[in-house]
Amino acid sequence: MNETAESRVILYQQWILRIRSSASPSESQILLMIHGWTGDENSMQIFQRDISPNFLIIAPRGIIPAPEGGYGWIGHRPGREATLHAFIEPAQALRRLVHQIQQEYLVKNKSINLMGFSQGAALSLAYSLLYPEEVQKVAVLSGFMPYLPEKYQPSPSLKDISFFIAHGSQDDIVSIQRAYELVEFLHKAGAKVKFCESPVGHRISSACFRELNYFFNH
């Protein structure tokens, strides 16, 4: 846990959030952490441990109860075959949440950062495709790109976003091939991409964890 600020769980309007205040409110940026299928507001806490205290970190609970326990973001489990359209509603809900917090916490920097794991990573990508002008950095952890409409053309603003993609070559839940396809798509769109592959399953290796921290802290 970052020593400068403890995170806490709050009820914020209709949301359950784990939130960590920024050490420098006037210079803060929002980092939105989005958990995967069967996760909750606590699932991404491990990833915030070494993140700069200048980030205002928000980790919301998913909007759909999962039958196995925990929560998710779209109705079909765990969403690997979902289209971009399936993620529009949760992306819109998160955008409204972000805008409300920016106003309430007087966040001057309107660009946000996203970090998502698995289904949450797919939602982070959907958010970036839908609102690229509002996004600065995105970390895609063991994630996948939602299937796009035929002849889909990404926004030119995608080239202004920096992406960090971490994936395990032994992942039997989301194939490493999905990560390769994502990297190719982002390169073609002109985005800045850092790819970290490790011989692990559906999780993040210690080596990629270090690169993830560097990505957000520099």
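Residues numbered from 1 in each chain as written. Predicted model: local features only at pLDDT ≥ 70, side-chain atom pairs only at ≥ 80, totals over all residues. Heavy atoms only, no water.

Undergrad: Can you help me understand the environment of phenylalanine 209 in this one?
TA: Position of phenylalanine 209 among the secondary structure elements: in helix H4 (residues 206-217). Ignoring anything within four residues of it in the chain, the contact list for phenylalanine 209 reads Ile46, Phe47, Arg49 and Ile204. (Helix = DSSP H or I, 4+ residues; strand = E, 2+ residues; numbered from the N terminus. Contact = heavy atoms within 4.5 Å.)

Undergrad: How should helix H1 (residues 88-104) be read in this particular structure?
TA: The periodicity of an α-helix, 3.6 residues per turn, causes residues three or four places apart in sequence to face the same way. Taking 1.5 Å as the rise per residue, H1 with 17 residues should run 24 Å; its terminal C-alpha atoms sit 24 Å apart, in good agreement. Buried residues of H1: Pro90, Ala91, Ala93, Leu94, Leu97, Val98, Ile101 and Gln102, and no others. Among the structural elements, strand E1 (8-12), strand E2 (15-20), strand E3 (29-34), strand E4 (55-60), strand E7 (112-117) and helix H2 (119-130) are those in contact with the buried residues of H1. A positive backbone phi angle near 55° is found at leucine 106, which sits one or two residues after H1. (Expected span 1.5 Å × (residues − 1). Buried < 20%, exposed > 50% of the residue type's maximum accessible area, 1.4 Å probe, protein only.)

Undergrad: How should the state of the cysteines be read in this particular structure?
TA: Here a disulfide denotes a covalent bond joining the sulfur atom of one cysteine to the sulfur atom of another. Considering all chains together, one arrives at 1 disulfide under this definition. Between the sulfur atoms of cysteine 196 and its disulfide partner cysteine 208 the distance amounts to 2.0 Å. Disulfide cysteine 196 to cysteine 208: torsion about the S-S bond roughly -90°, handedness left-handed. One end of the pair, cysteine 196, is in strand E10 (residues 192-198); the other, cysteine 208, is in helix H4, and 12 residues separate them in sequence. (Disulfide = S-S within 2.5 Å.)

Undergrad: Is there a simple way to think about the packing of aromatic side chains in this case?
TA: Two aromatic rings are characterised by how far apart their centres lie and by the angle between their planes. In the structure shown here, the tally under the stated rule is 7 aromatic pairs. A ring pair is formed by phenylalanine 164 and phenylalanine 215, whose centres lie 5.7 Å apart and whose planes are at 35°; its orientation type is tilted. Of this pair, phenylalanine 164 sits in strand E9 (residues 162-168) while phenylalanine 215 sits in helix H4, and the two are 51 residues apart along the sequence. Phenylalanine 215 matches phenylalanine 164 in its accessibility class, with the two residues each being buried. An aromatic cluster of three or more residues is present, and its members are Phe55, Phe164, Phe215 and Phe216. Between arginine 95 and the ring centre of tyrosine 131, over which it is positioned, the NZ or CZ distance is 4.3 Å. When the ring centre of phenylalanine 215 is taken as reference, the NZ or CZ atom of lysine 137 above it lies at 5.2 Å. (Phe/Tyr/Trp six-rings, centres within 6.5 Å; stacked < 30°, edge-to-face > 60°. Lys NZ or Arg CZ within 6 Å of the ring centre and 35° of its normal.)

Undergrad: Which parts of the structure should I look at to understand the nonpolar core?
TA: Inside soluble globular proteins, nonpolar side chains tend to come together where they are buried. Counting residues in hydrophobic clusters, the biggest one holds 50 residues, and the most contacted among them are Leu94 and Tyr127. Tallying contributions element by element places H2 first for this core, with 7 residues. Those residues in contact with leucine 94, other than ones at most four positions away along the chain, are Trp15, Leu32, Ile34, Pro60, Trp73, Leu123 and Tyr127. Phe47, Phe55, Ala59 and Ala139 belong to the second-largest nonpolar core, a separate cluster that totals 21 residues. (Core = buried A, V, L, I, M, F, W, Y, C linked by side-chain atoms within 4.5 Å.)

Undergrad: Got a minute to help me understand the side chain of serine 162 in this structure?
TA: Summarising the element assignment, serine 162 is placed in strand E9. The exposure class of serine 162 is buried, given its relative accessible area of 18%.

Undergrad: It is not clear to me how unusual backbone geometry should be interpreted in this structure. Could you clarify?
TA: Of note, threonine 38 is a non-glycine position whose phi angle comes to about 70°, a positive value. With respect to the helices, strands and loops of the structure, threonine 38 is situated in the loop between E3 and E4. A positive phi angle is found at leucine 106, which is not glycine, with a value near 55°. Looking at where leucine 106 falls in the secondary structure, it is placed in the loop between H1 and E7.

Undergrad: Teacher, can you tell me more about the sheet that holds E2 here?
TA: Think of a sheet as strands paired side by side through backbone hydrogen bonds, with each pair either parallel or antiparallel. Here 8 strands make up an open sheet; going across it, the order is E1-E2-E4-E3-E7-E8-E9-E10 and the pairing mixed. The outermost strands of the open sheet, each flanked by one partner alone, are E1 and E10. Taking the axes of each pair of neighbouring strands and ignoring which way they run, one obtains an average angle of 20° across the sheet. Alignment of E3 against E4, held across 4 bridges, turns out to be parallel. The partner of leucine 32 across the bridge, within E4, is isoleucine 58. (Pairing = 2+ DSSP bridges. Axes fitted to C-alpha atoms, helices over the stretch in contact; angles between N-to-C directions.)

Undergrad: I'm lost on the side chain of serine 7 in this one. Help?
TA: Positionally, serine 7 belongs in the segment before E1. For serine 7, a relative accessible area of 11% corresponds to the buried category. Within the structure, the side chain of serine 7 is placed 3.0 Å from the side chain of arginine 18, a separation counted as a polar contact. Within polar-contact distance, the side chain of serine 7 engages the side chain of glutamine 45 at 3.4 Å. (Polar contact = N/O pair within 3.5 Å; in protein donor to acceptor, adjacent residues only side chain to side chain.)

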